[in-house]
Amino acid sequence: MQQITVRDLSLGYEGKMVFENLNFTVSSGQYLCIVGTNGSGKTTLIKALLGLKAPRAGSIDFAENLRAGGVGYLPQQTPVQRDFPASVQEIVLSGCLNRHTFRSFYTPADRALARGNMEKLGIFDLAEHSYRDLSGGLQQRVLLARALCSTRSILLLDEPTAGLDPNATLEMYELIATLNREHGVTVIMVTHDFPAAVKYASHILHIGHDPVFFGSTAEYLKSDAMRRFAPAAEGCNNA
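On a predicted model such as this, the values are computed, not experimentally measured, just so you know.

### Some points on the environment of Ala-225
At step 1: Following the sequence through the fold, Ala-225 ends up in helix H9 (residues 224-238).
At step 2: Taking the C-alpha atoms as reference points, Ala-225 and Glu-20, separated by 205 residues in sequence, lie 17 Å from one another.
At step 3: Residues contacting Ala-225, with those up to four places away along its chain left out, are His-206, His-209, Phe-213 and Tyr-220.

What follows is the structure in structure tokens.
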């Protein structure tokens, strides 16, 4: 089932067109990685998918179950967010508010959902701990659990391993892959990590070059887009 359909999408900001006539779909259970060089429009596309950026042309259509808080979002963290003074449980629970437009309190079902997601990500024993005292890897697990409380369908992840050490990075990628394979969560991940993109994703959207590539990872590995991008990506990863 198609969850997101993007048709002839054009986006821009401050009088500058970022890209035009972008077309792709996201189906249930897919793992889509969005890649491209800096300035290619990945952040602008995320804002559009979240409804924070209006298209200049074209459309983004969501399946019915995604129209009311159906997308869980894991943004890049800022230093201020890393020092947020709340417990793990409080932060995870706050994700439930995304599904309740007119309610500001937590139900027993919300608390059960938060507990289940903390258990799923191996952080339930940290429920009463202060978020600010956790390592970067554990903080990302908390935010991933929060995002899961916002949706049962689809996760939008913006550079989820940025700033993590290699071990925490691998753990995060494996957690995301498990959510996708074993729990049926659709994943859209924006990343500069080219090797991870081709290892984990079922589909690749490569923007910032002409023509845009969208297709399976197997098709991408044989494409001109990949051959042009791989050396640049390797340079970025080594920088």
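After presenting the structure, the write-up continues.
### Notes on the packing of helix H5 (residues 136-150) against helix H6 (residues 166-183)
At step 1: Running from N to C, H5 and H6 cross one another at 20°; their axes reach a closest spacing of 10 Å. Relative to H6, H5 is oriented roughly parallel. The two elements H5 and H6 meet at a crossing, and its hand is right-handed. Facing H5, whose interface residues are Gly-137, Gln-140, Arg-141, Leu-144 and Leu-148, H6 presents Ala-168, Glu-171, Met-172, Leu-175, Ile-176 and Leu-179.
At step 2: Residue classes in the contact of H5 with H6 are distributed as 7 nonpolar, 2 polar and 2 charged.

### Remarks on the nonpolar core
At step 1: The biggest cluster of nonpolar side chains holds 50 residues, and the ones touching the most others in it are Leu-144 and Tyr-220.
At step 2: Contacts of Tyr-220, omitting those with residues within four sequence positions, involve Val-35, Phe-194, Val-198, Ile-204, His-206, Phe-213, Ala-225, Met-226 and Phe-229.
At step 3: Formed by 24 residues, the second largest nonpolar core is a distinct cluster that contains Ile-4, Val-6, Phe-24 and Leu-156.

### Considering the pattern of salt bridges
At step 1: Enumeration over the complete set of coordinates arrives at 5 salt bridges.
At step 2: Across the pair Arg-115 and Glu-119 runs a salt bridge, and its minimum N-O distance is 2.9 Å. Here Arg-115 pairs with Glu-119, and both are found in helix H4 (residues 108-120), just 4 residues apart, close to one helical turn.
At step 3: Its relative accessible area of 42% is what places Glu-119 among the partly exposed residues.

### A few points about the environment of Val-35
At step 1: Here Val-35 shows up in strand E3 (residues 31-35).
At step 2: Taking relative accessible area as the criterion, Val-35 reaches 1% and is therefore assigned buried.
At step 3: Taking the C-alpha atoms as reference points, Val-35 and Thr-169, 134 residues apart in sequence, are found 18 Å from one another.

### Notes on the side chain of Ser-10
At step 1: Residue position: Ser-10 is located in strand E1 (residues 2-13).
At step 2: By relative accessible area, which is 5% here, Ser-10 ends up buried.
At step 3: At a separation of 3.3 Å, a polar atom in the side chain of Ser-10 contacts the main-chain amide nitrogen of Asn-21.
At step 4: When residues no more than four places from it in sequence are discounted, the contact partners of Ser-10 are Met-17, Phe-19, Glu-20, Asn-21, Pro-55, Arg-56 and Ala-57.

### Structural notes on the sheet that holds E1
At step 1: A sheet is described by the order of its strands in space; here 3 strands give the open sequence E2-E1-E4, paired in antiparallel fashion. Each edge of the open sheet is held by one strand with a lone partner, namely strand E2 (16-27) and strand E4 (57-62). The sheet shows a mean angle of 15° between the axes of neighbouring strands, taken without regard to direction.
At step 2: Sheet analysis places E1 next to E2, joined by 8 bridges and oriented antiparallel. By the bridge assignment, Gln-2 is partnered in E2 with Ser-27.
At step 3: This element, helix H1 (residues 42-49), spans E1, E2 and E4 of the sheet and lies at about 125° to E1.

### Looking at the pairing of strand E6 (residues 154-158)
At step 1: Here E6 lies mainly inside the structure; 5 of its 5 residues are buried.
At step 2: Bridge count between strand E5 (residues 71-74) and E6: 4 bridges; the pairing is parallel. Looking at the pairing, Leu-74 lines up with Leu-157 of E6.
At step 3: Pairing of E6 with strand E7 (residues 186-190) involves 5 bridges; the strand directions are parallel. Each residue of the ladder has a partner; that of Ile-154, found in E7, is Thr-186.
At step 4: One crossover worth recording links E6 to the parallel E7 by way of H6, and it is right-handed.

### Description of H6
At step 1: End to end, H6 covers 25 Å across 18 residues, agreeing with the expected 26 Å (1.5 Å per residue, within 8%).
At step 2: Taken together, the buried positions of H6 are occupied by Ala-168, Thr-169, Met-172, Tyr-173, Leu-175, Ile-176, Ala-177, Leu-179 and Asn-180.
At step 3: Next to the buried residues of H6 lie E3, H4, H5, E6, E7 and helix H7 (194-200).
At step 4: Structurally, the start of H6 carries an N-cap: the backbone nitrogen of Asn-167 is 3.1 Å from a side-chain oxygen of Asp-165.
At step 5: Gly-184, located one to two residues past H6, shows a positive phi value of around 70°.

How each quantity is defined
Residues numbered from 1 in each chain as written. Predicted model: local features only at pLDDT ≥ 70, side-chain atom pairs only at ≥ 80, totals over all residues. Heavy atoms only, no water. Helix = DSSP H or I, 4+ residues; strand = E, 2+ residues; numbered from the N terminus. Contact = heavy atoms within 4.5 Å. Axes fitted to C-alpha atoms, helices over the stretch in contact; angles between N-to-C directions. Parallel < 35°, antiparallel > 145°, perpendicular 65-115°, else oblique. Left-handed = near helix turned anticlockwise from the far one by under 90°. Nonpolar A, V, L, I, M, F, W, Y, C, P; charged D, E, K, R; others polar. Core = buried A, V, L, I, M, F, W, Y, C linked by side-chain atoms within 4.5 Å. Buried < 20%, exposed > 50% of the residue type's maximum accessible area, 1.4 Å probe, protein only. Salt bridge = Lys/Arg side-chain N within 4 Å of Asp/Glu carboxyl O. Polar contact = N/O pair within 3.5 Å; in protein donor to acceptor, adjacent residues only side chain to side chain. Pairing = 2+ DSSP bridges. Right-handed = clockwise from strand over helix to strand, strands pointing away. Expected span 1.5 Å × (residues − 1).

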